[in-house]
Amino acid sequence: MSGDETMPQYAILIYEKELPGGAADIPPEVMEANLAVGPKIEAMGARVVHEQGLQPVARARTIHKGGAVTDGPFLESKEVIAGFLVVEAADLDQAVAIGKLLPIMDGAVEVRPLIEV
């Protein structure tokens, strides 16, 4: 690709069991491993467009069809979306390789192509 073409974008969603103290309860080695991912992604020729951690689900509100608002997330499950990244990668295989770099304590990572507009 030439320098002015963009690669496809992928959302990488990080699912983890929610920790009682939130980010403060993440083990230091997991935080260090997470910080080390950025340079590895760049070395692959990919790019992080945006990354964000999320507040605890107790702070979430869900808006249902018809406008009713309830406390908490839409789905009740053991794992919650703890954070997400949007990356530009050559293809889905490369995006999955990036997802495999993320340190997971007790959850999973979902990689999903974004709709190109």
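Residues numbered from 1 in each chain as written. Predicted model: local features only at pLDDT ≥ 70, side-chain atom pairs only at ≥ 80, totals over all residues. Heavy atoms only, no water.

Thoughts on the pairing of strand S5 (residues 79-88)
Working step 1: Pairing of strand S1 (residues 9-17) with S5, which is carried by 9 bridges, proceeds in the antiparallel orientation. For Leu13, the partnering residue across the bridge sits in S5 and is Phe84.
Working step 2: Taken together, the 6 bridges between strand S2 (residues 47-53) and S5 define a ladder with antiparallel strand orientation. Opposite Gly53, over in S5, you have Gly83 as the bridge partner. (Pairing = 2+ DSSP bridges. Helix = DSSP H or I, 4+ residues; strand = E, 2+ residues; numbered from the N terminus.)

Section: helix H3 (residues 92-101)
Working step 1: Of all the residues in H3, the buried ones are Gln94, Ala95, Ile98 and Gly99. With its buried residues spanning 150 degrees around the axis, H3 presents them on a single face. Residues Asp93 and Lys100 are exposed on H3 and point more than 90 degrees away from its buried face.
Working step 2: Buried residues along H3 sit against S1, helix H2 (37-43), S5 and strand S6 (108-113).
Working step 3: The distance from a side-chain oxygen at the start of H3 to the backbone nitrogen of Asp93 is 3.2 Å, and the residue carrying that oxygen is Asp91. (Buried < 20%, exposed > 50% of the residue type's maximum accessible area, 1.4 Å probe, protein only. Arc of directions from axis to C-beta. Contact = heavy atoms within 4.5 Å. Polar contact = N/O pair within 3.5 Å; in protein donor to acceptor, adjacent residues only side chain to side chain.)

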